[in-house]
Amino acid sequence: MPHVEIKYSDNLQFSVTSMFDEIEEIINHKDASAGVCKSRAYPCSKYKHTHILVTVSLLTKPHRDEQFTRELSAELEQAIKHHLKQSVYFSLNIEYSGAYYTTNVHHVDEETLDS
């Protein structure tokens, strides 16, 4: 279950939903075992210099090695920048979970999760 966080200056004009969808598609194309991406965006109204920081958090798995990470990073960078139609300071971070990271689903009264 990857996580995607986008923190950005609120003067940037782009479709957050489209960017979320494309990031999830790229991750799942490279690794079909990844699953749905829990994605969040944080526009910021107080900032210095127009910027965007995209953080992708993944579980540590043997096949997610340095080559996988470099290729994923390059693909994500290209896709994300395609959505940006103005000059911006750009940062992308791919990080992996630690040994004690827990991820699962908590169901309450047979409620379904929203998409």
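Computed from a predicted model, the values in this text were never measured in an experiment.

## Remarks on the pairing of strand β3 (residues 51–58)
Looking at chain direction, strand β1 (residues 3–9) and β3 are connected through 6 bridges and run antiparallel. Bridge pairing in β3 places I6 opposite V54. Taken together, the 8 bridges between β3 and strand β4 (residues 89–96) define a ladder with parallel strand orientation. Within β4, the position partnered with H51 by the bridge is Y89. For the crossover from β3 across helix α2 (residues 66–83) to β4, the handedness is right-handed.

## Considering the nonpolar core
Inside soluble globular proteins, nonpolar side chains tend to come together where they are buried. Counting 24 residues, the largest nonpolar core has I6, F14, I23 and I52 as its most contacted members. Those elements giving two or more residues to this core turn out to be β1, α1 (16–30), β3 and α2. At 6 residues, α1 tops the list of elements feeding residues into this core. Other than its neighbours up to four places away in sequence, I23 contacts V4, I6, V54, L76 and I80.

## Some details on the packing of aromatic side chains
Inspection of every chain in the model, using the stated rule, returns 1 aromatic pair. Directly above the ring of F90 sits K81, whose terminal nitrogen or CZ lies 4.8 Å from the centroid.

## Here we look at α2
Between its terminal C-alpha atoms α2 stretches 26 Å, which fits the 26 Å expected from 18 residues at 1.5 Å a residue. Every buried residue belonging to α2 is among F68, T69, L72, L76, A79, I80 and H83, and all of these are buried. Across the axial projection of α2, the buried residues extend over an arc of 105°, all falling on one side. Those residues of α2 that are exposed and aimed more than 90 degrees away from the buried face are E66, Q67, R70, Q78 and H82. Taken together, the buried residues of α2 touch α1, β3 and β4. In this structure D65 caps α2, since a side-chain oxygen of it lies 3.3 Å from the backbone nitrogen of Q67.

Cut-offs applied
- Residues numbered from 1 in each chain as written.
- Predicted model: local features only at pLDDT ≥ 70, side-chain atom pairs only at ≥ 80, totals over all residues.
- Heavy atoms only, no water.
- Pairing = 2+ DSSP bridges.
- Helix = DSSP H or I, 4+ residues; strand = E, 2+ residues; numbered from the N terminus.
- Right-handed = clockwise from strand over helix to strand, strands pointing away.
- Core = buried A, V, L, I, M, F, W, Y, C linked by side-chain atoms within 4.5 Å.
- Buried < 20%, exposed > 50% of the residue type's maximum accessible area, 1.4 Å probe, protein only.
- Contact = heavy atoms within 4.5 Å.
- Phe/Tyr/Trp six-rings, centres within 6.5 Å; stacked < 30°, edge-to-face > 60°.
- Lys NZ or Arg CZ within 6 Å of the ring centre and 35° of its normal.
- Expected span 1.5 Å × (residues − 1).
- Arc of directions from axis to C-beta.
- Polar contact = N/O pair within 3.5 Å; in protein donor to acceptor, adjacent residues only side chain to side chain.

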